[in-house]
Amino acid sequence: MASQFPEIAAQWHPEKNGILTPQQVTPYANRKVWWKCKLGHSYQAMISARSMSGTGCPYCAGRKVLSGFNDLATLHPKIAKQWHTTLNGTLTPDSVTVGSHRKVW
């Protein structure tokens with residue numbers, strides 16, 4: 001993978017993959033490994049998804065919530081103040097992304 005997709009190989013997590021390196025895998029491998037985006041977010045994704053589909057950091061893309069980075073409370077605190085604390089159960093403004101399609105109180 002390292003020779004065919006050097007820009008993706010550069011995001012290979014330097015510690016979390018143990019002794020496995022981008023030089024030891026093919027870009028078509030259906031193996032989940034750790035990646036580290038340019039902002040420093042660590043996440044797991046299949047090698048083939050990164051190289052063939054072009055997927056990137058799920059936090060930067062808003063597909064996964066990261067409290068303090070892309071959550072409603074951080075990005076829109078005025079809206080988050082309107083959050084109903086009891087009717088939403090354990091769900092909080094820092095556990096949903098701004099683009100979430102979830103209906104809340």
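Provided above is the structure to which this section pertains.
The shown structure was predicted, so the numbers you read here are calculated from the model rather than taken from an experiment.

A. A look at the overall build of the protein. When helices and strands are counted, the protein shows four helices and two strands. Helices and strands appear in the protein in the N-to-C order α-β-β-α-α-α. What you see for the protein is a C-alpha radius of gyration of 17 Å, clearly larger than the 13 Å of a compact globule of 105 residues, by over 25%. Overall size of the protein, expressed as C-alpha extent along the three principal axes, is 50 × 20 × 20 Å. Across the 105 residues in the protein, those meeting the buried criterion constitute 34%.

B. Examining the environment of proline 58 more closely. Looking at where proline 58 falls in the secondary structure, it is placed in the loop between α2 (47-52) and α3 (72-75). Residues proline 58 and cysteine 37 lie 21 residues apart in sequence; the distance between their C-alpha atoms is 9.6 Å.

C. Structural context of the pairing of strand β2 (residues 42-46). Burial of β2 is one-sided: the residues Tyr43 and Ala45 facing one way are buried, the residues Ser42, Gln44 and Met46 facing the other way are not. Between strand β1 (residues 32-36) and β2, which pair antiparallel and follow one another directly, the connecting turn spans five residues, one of which, glycine 40, has a positive phi of 95°.

D. The arrangement of the packing of aromatic side chains in detail. A complete count under the given rule lists one aromatic pair for this structure. Look at tryptophan 12 and tryptophan 35: their rings are 5.4 Å apart centre to centre, the planes differ by 80°, and that puts the pair in the edge-to-face class. Placement of the pair is tryptophan 12 in the loop between α1 (6-9) and β1 and tryptophan 35 in strand β1, with a sequence separation of 23 residues. In this structure, lysine 16 is placed above the aromatic ring of tryptophan 34, and the distance from its NZ or CZ to the ring centre is 4.1 Å. Over the ring of tryptophan 35 we find arginine 50; its NZ or CZ atom is 4.7 Å from the centre of that ring.

E. Up close: the pairing of β1. Burial along β1 is one-sided: Val33 and Trp35 are buried, while Lys32, Trp34 and Lys36, pointing the other way, are not. Inspection of the sheet shows β1 paired to β2 by five bridges, in the antiparallel sense. If you follow lysine 32 over to β2, its bridge partner there is methionine 46.

F. Region of the structure containing the side chain of histidine 13. You can see histidine 13 is positioned in the loop between α1 and β1. There is a polar contact of 3.2 Å between the side chain of histidine 13 and the backbone nitrogen of lysine 16. Beyond its immediate chain neighbours, meaning those up to four positions away, histidine 13 contacts Trp34, Trp35, Lys36 and Ser42.

G. Quick peek at the side chain of threonine 97. Assignment of secondary structure puts threonine 97 in the segment after α4 (77-80). Classification of threonine 97 by relative accessible area gives buried; the value is 14%. If sequence neighbours within four positions are ignored, threonine 97 has contacts with Gly62, Lys64, Val65, Asn70 and Asp71.

H. Quick peek at the nonpolar core. With 17 residues, the main nonpolar core has Met1, Trp12, Val25, Val33, Trp35, Tyr43 and Ile47 as its most contacted residues. Mapped onto this core, the elements with two or more residues apiece are α1, β1 and β2. Judged by nonpolar contacts, the second largest core, of five residues, contains Ala80, Trp83, Leu91 and Val96.

What counts and how
Note on numbering: residues in each chain are counted from 1, in written sequence order. pLDDT decides what is reported in this predicted model: residues at 70 or higher carry local features, side-chain atom pairs at 80 or more are listed and counted, and totals for whole chains, interfaces and linings draw on all residues regardless. For the side-chain quantities, the full set of heavy atoms in the structure was used; hydrogens and water were omitted. We count a stretch as a helix when DSSP gives it H or I for four or more residues in a row; a strand needs E for two or more, and each element gets its number in order from the N terminus. Both definitions apply: the radius of gyration is a C-alpha atom measure, and the globule rule equals 2.2 Å times residues to the power 0.38. The cut-offs for exposure are 20% and 50% of the maximum accessible area for each residue type, with area from a 1.4 Å probe on protein chains only; residues under the lower value are buried, those over the upper are exposed, and the others partly exposed. For two strands to be treated as a pair, DSSP must find no fewer than two bridges joining them. The rule is short: rings of Phe, Tyr and Trp, with Trp giving its six-membered ring, pair when the centres are within 6.5 Å, and they are stacked under 30 degrees, edge-to-face over 60, tilted in between. Charge-over-ring contacts are defined here by two conditions on Lys NZ or Arg CZ: a distance within 6 Å of the ring centre and an angle within 35 degrees of the ring normal. As used in this structure description, the phrase polar contact means that two N or O atoms lie within 3.5 Å; if the pair is within protein, one of them must be able to donate a hydrogen and the other to accept it, and residues adjacent in sequence are counted only when both atoms belong to side chains. The criterion used for residue contact is that any of the two residues' heavy atoms lie within 4.5 Å. Side-chain atoms within 4.5 Å are what join buried Ala, Val, Leu, Ile, Met, Phe, Trp, Tyr and Cys residues into a set we call a nonpolar core.

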